[in-house]
Amino acid sequence: MPRLAWTDLANTPGTAFLIVGELAPCFAGGRREDDPFDSARLRFAANLIVRTCSHLKLKGPFAVQPSREGNSLMIQCVVAESEDFVRLGEVTGGREIEASLWCGQRHFLLDNTTHDALLAIAGQPDGRGAGRRARAASREAEEQRLRWGQD
């Protein structure tokens with residue numbers, strides 16, 4: 001099923017299920033001094049969850065969003081089908097918690113062990129586009145520099 005925008009599913013919590021993964025301090029190499037907001041680790045974790053959902057071939061739509069709550073880094077995943085909620089719960093090893101607004105809610109710790117389990121399903125990230133995007137940005141910056149130099 002397709003990935004939807006976060007607001008499409010999260011705005012109707014009474015008809016959806018929430019799975020929250022909290023990033024362990026050691027996840028993805030730990031906090032980096034050059035990234036004070038841990039954006040790279042959050043993006044890496046969000047991409048991992050999206051790939052996991054895609055490879056599990058969920059029956060219903062899903063949405064994924066990174067979040068910062070206090071000092072915690074979290075990845076939130078909303079699914080519309082109870083079967084998908086159960087499957088993701090089994091894969092992440094999370095525990096079910098009380099869901100006041102949601103049909104169901106689970107919480108798990110995204111540490112290196114969970115990362116390995118999810119990576120076995122999701123596979124390695126596709127890095128083919130990263131080099132192409134970087135070259136295009138570099139080319140555009142060079143063209144911009146030359147334009148300014150010609151005036």
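Residues numbered from 1 in each chain as written. Predicted model: local features only at pLDDT ≥ 70, side-chain atom pairs only at ≥ 80, totals over all residues. Heavy atoms only, no water.

**Quick word on the overall build of the chain**
Each helix and strand in the chain was counted, giving five helices and five strands. Taken from the N to the C terminus, the helices and strands of the chain come in the order α-β-α-β-β-α-β-β-α-α. Residues counted as buried form 41% of the 151 residues belonging to the chain. Residue pairs at least 24 apart in sequence account for 67% of intrachain contacts in the chain once pairs closer than 6 positions are excluded. On the chain, roughly 9100 Å² of surface is accessible, and the fraction owed to carbon and sulfur atoms is 51%. (Helix = DSSP H or I, 4+ residues; strand = E, 2+ residues; numbered from the N terminus. Buried < 20%, exposed > 50% of the residue type's maximum accessible area, 1.4 Å probe, protein only. Contact = heavy atoms within 4.5 Å. Areas by Shrake-Rupley, 256 points an atom, 1.4 Å probe, with all protein chains shown as cover.)

**Things to note about the packing of aromatic side chains**
Per the counting criterion, the structure on display carries one aromatic pair. Over the ring of F85 we find R106, and its NZ or CZ is 6.0 Å from the ring centre. (Phe/Tyr/Trp six-rings, centres within 6.5 Å; stacked < 30°, edge-to-face > 60°. Lys NZ or Arg CZ within 6 Å of the ring centre and 35° of its normal.)

**Notes on the side chain of Q76**
Mapped onto the elements of the fold, Q76 is located in strand β3 (residues 72-79). Those residues in contact with Q76, other than ones at most four positions away along the chain, are W6, L18, I19, V20, A63, V64, Q65, S67 and E69.

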